[in-house]
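Chain by chain, the residues:
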Amino acid sequence: MRGLLVVNPRATTTSTRVTDVIVNALSHELDLQVTMTTHRGHGFELGRSARAQGLDIVITLGGDGIVNEIVNGLLADGVGDDVPILATVPGGSGNVFARALGIPVDAVEATGEILEAIRDARTRTIGLGQVNGRWFTSNAGVGLDAEIITAMEEQRSEGRTASPTRYLMTTLRQYFSRTDRKNPALTLTSAFGSDDGVFLAIVQNTAPWTYFGSWPIDPCPQASFDSGLDVFAMRRLRLVSTIRAARRMLAHSTAGSTKESIVVRHDLDAFTITCSRPMPMQVDGESTPEVTVAEFRSVPAALRVIAVE
């Protein structure tokens, strides 16, 4: 098999020593190319090139951001039988996509699982999401969660390391002192009708949504690669309502949803979020330019991947 290993050297837990071990292991099984990303968007270019070259598999070493770039490159010309298989070795702070596929968090152990799957010709075909034409593997969001990610990216650009504690402090600071919790800007329009007066919308293509350290946080525990998209929207950001929603997420519960404060939609083929003012959006944990309209759709059986479960 002809393969490409794409390494994000700036990923949170990626090191030169671990990278060398992984390259050596993969080279025994694959005719392997190895490329380090050098700039934002480089992964897109590499994914598109890998498909054009007719490679069999692309493996990422990094976090959800590099996975997203690769997927968008691989599928730039749409879904097809010529798209290489995707495998991912966790190297970021969240690694939501890898964990959702059952890939071990330890990079060396993950490489072993991927090699075993390659030998057994074992792959899984999963559905993906799209928003305004951009593919996403795990989740996207408009509103508060995107504001938090934007704030985290600003801190990382200043040399600060992403950690559960930093995410928590950033979330609290954003919620209490920066987010407009009085004037909702979003309207969710789906097959269920129109839900207006929404402060934030979290969209999941799989569960969980994210992790706090090793603990999964799950607004939509029914979300799956094998179904459409799930949406969790909040109409209220008062402290009591927010605590209730946070407790629901931490408990992986489907209880506590009400039309007045929380709106949850399961297995949607398509829907639209419109904004009364420009709002931040995030895709697979990476901030994007602000939007006034976000058009989502689910694309079943979009990509072959290496999965453990």
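In what follows, the accompanying structure is described. Fair warning: this is a prediction, and the values are worked out from it, not measured in the lab.

About the cut-offs
- Residues numbered from 1 in each chain as written.
- Predicted model: local features only at pLDDT ≥ 70, side-chain atom pairs only at ≥ 80, totals over all residues.
- Heavy atoms only, no water.
- Helix = DSSP H or I, 4+ residues; strand = E, 2+ residues; numbered from the N terminus.
- Rg over C-alpha atoms; globule rule 2.2 N^0.38 Å.
- Buried < 20%, exposed > 50% of the residue type's maximum accessible area, 1.4 Å probe, protein only.
- Lys, Arg positive; Asp, Glu negative; His and termini not counted.
- Salt bridge = Lys/Arg side-chain N within 4 Å of Asp/Glu carboxyl O.
- Contact = heavy atoms within 4.5 Å.
- Pairing = 2+ DSSP bridges.
- Phe/Tyr/Trp six-rings, centres within 6.5 Å; stacked < 30°, edge-to-face > 60°.

Here we look at the overall build of the protein chain
Here comes step 1: Helix and strand counts for the protein chain stand at eight helices and 16 strands.
Here comes step 2: A globule of 309 residues ought to have a C-alpha radius of gyration of about 19 Å, and the protein chain, at 19 Å, matches this closely.
Here comes step 3: Counting only C-alpha atoms and orienting by the principal axes, one finds that the protein chain spans roughly 55 × 40 × 30 Å.
Here comes step 4: Relative to its 309 residues, the protein chain shows a buried fraction of 53%.

Quick notes on the side chain of Asp 64
Here comes step 1: Along the chain, the position of Asp 64 falls in helix H3 (residues 64-74).
Here comes step 2: Here Asp 64 is buried and forms no salt bridge, its nearest opposite-charge partner Arg 99 lying at an N-O distance of 7.6 Å.
Here comes step 3: Residue contacts for Asp 64: discarding those within four places in its chain leaves Gly 94, Asn 95, Val 96, Phe 97 and Asp 284.

Regarding the pattern of salt bridges
Here comes step 1: The full count for this structure, using the stated rule, is twelve salt bridges.
Here comes step 2: For Arg 119, the salt bridge is made with Glu 29, and the minimal N-O distance between the two is 3.0 Å. Taken together, the positions of Arg 119 in helix H5 (residues 107-119) and Glu 29 in the loop between helix H1 (16-27) and strand E2 (31-36) put the pair 90 residues apart, joining distant regions of the chain.
Here comes step 3: When its relative accessible area of 34% is taken as the criterion, Glu 29 is described as partly exposed.
Here comes step 4: Put simply, Asp 196 and Arg 235 hold a salt bridge, and the shortest N to O gap is 3.8 Å. Residue Asp 196 is located in strand E9 (residues 193-198), and its partner Arg 235 is located in the loop between strand E13 (229-234) and helix H8 (239-250); the two are separated by 39 residues in the primary sequence.
Here comes step 5: The class of Arg 235 is buried, set by a relative accessible area of 17%.
Here comes step 6: Here the salt bridges share partners, and the residues they tie into one network are Asp 195, Asp 196, Arg 235 and Arg 265.

Structural notes on unusual backbone geometry
Here comes step 1: Geometrically, the link from Ala 207 to Pro 208 is a cis peptide bond, its omega value of 0 degrees lying close to zero.
Here comes step 2: When you line up the elements, Pro 208 lands in the loop between strand E10 (200-204) and strand E11 (210-212).
Here comes step 3: If you check the backbone angles, Ala 121 has positive phi at about 55 degrees while not being a glycine.
Here comes step 4: Along the polypeptide, Ala 121 turns up in the loop between H5 and strand E5 (124-131).
Here comes step 5: Taking relative accessible area as the criterion, Ala 121 reaches 67% and is therefore assigned exposed.
Here comes step 6: Its identity as a non-glycine residue notwithstanding, Asp 284 has a phi of 50 degrees, on the positive side.
Here comes step 7: On the basis of relative accessibility, which here comes to 3%, the residue Asp 284 falls in the buried class.

Observations concerning the pairing of E5
Here comes step 1: The element E5 is extensively covered by neighbouring structure, given that six of its eight residues are classed as buried.
Here comes step 2: Of the strand pairs in this sheet, E5 and strand E16 (residues 286-305) are connected by seven bridges, and their pairing is antiparallel. Directly across from Ile 126, in E16, lies its bridge partner Leu 303.
Here comes step 3: As paired elements, E5 and strand E6 (residues 134-136) share three bridges and run antiparallel to each other. Its bridge partner being in E6, Gln 130 is matched across the sheet by Trp 135.

So, the packing of aromatic side chains
Here comes step 1: One pass over the full model with this rule turns up four aromatic pairs.
Here comes step 2: Note on Phe 97 and Phe 225: the rings are 5.9 Å apart at their centroids and 85 degrees apart in plane angle, and the pair reads as edge-to-face. Residue Phe 97 is located in helix H4 (residues 96-100), and its partner Phe 225 is located in the loop between strand E12 (215-217) and E13; the two are separated by 128 residues in the primary sequence. The burial state of Phe 97 is the same as that of Phe 225; both residues are buried.
Here comes step 3: Their ring planes at 80 degrees and their centres at 6.1 Å tell us that Phe 136 and Phe 296 sit as a pair that is edge-to-face. Remark: Phe 296 occurs in strand E16 and Phe 136 occurs in strand E6; sequence separation between them is 160 residues.
Here comes step 4: A relative accessible area of 0% means that Phe 136 is categorised as buried.

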